[in-house]
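# Structure assessment
Read off the chains here:
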Amino acid sequence: MSRRGSIHIIMNAPNPNPTVYDLLGGATELRRLVDQFYDLMDSVPDYAPLRAIHAPDLNPMREKLTDWMSGWLGGPALYDARPDATCIGHAHAAFTIDAAMRDQWVECMNRALDDCGTSEEVQARLRPPLAALAEFLRNH
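Overview of the structure.

### As for helix H3 (residues 26-43)
An ideal rise of 1.5 Å per residue puts 26 Å on 18 residues; H3 measures up with 26 Å between its terminal C-alpha atoms. Those residues of H3 that are buried are in contact with helix H2 (20-24), helix H4 (48-52), helix H5 (59-72) and helix H7 (99-115).

In structure tokens, the structure reads:
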């Protein structure tokens, strides 16, 4: 086997330590999850208070959350390259995020995970840090 051939094999070898981003299915599945999250927020009456703190046009938020979650889950750090990137805590400081709002966000995200058919393995790895993130952003 040529040296070039062995490099080809190594480069195409599966990642022995895939990230949650990889396990989720990469960019396409992440975007599908974020879209489902915002679709639910926009249409389910139980999430009306959560929807109310967002701008009428959710498309910019879909882009921002997808980019942020990409890096957070171990994929490309897209959010950091954005000119409008800011600290996640600072970005949410202007909103009243109490326990009820936190719980709506977590429930909406968990439902999006279910609706997208996300594997149990990925859900088990995602749900605790998502809940911790929501708790971190709670400011009331």
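### Thoughts on the environment of Val-106
Within the secondary structure, Val-106 is located in helix H7. On the basis of relative accessibility, which here comes to 17%, the residue Val-106 falls in the buried class. Separated by 29 residues in sequence, Val-106 and Glu-135 have C-alpha atoms that sit 9.4 Å apart. Not counting residues within four places of it along the chain, the set of residues in contact with Val-106 comprises Leu-130, Ala-131 and Ala-134.

Calculation rules
Residues numbered from 1 in each chain as written. Predicted model: local features only at pLDDT ≥ 70, side-chain atom pairs only at ≥ 80, totals over all residues. Heavy atoms only, no water. Helix = DSSP H or I, 4+ residues; strand = E, 2+ residues; numbered from the N terminus. Expected span 1.5 Å × (residues − 1). Contact = heavy atoms within 4.5 Å. Buried < 20%, exposed > 50% of the residue type's maximum accessible area, 1.4 Å probe, protein only.

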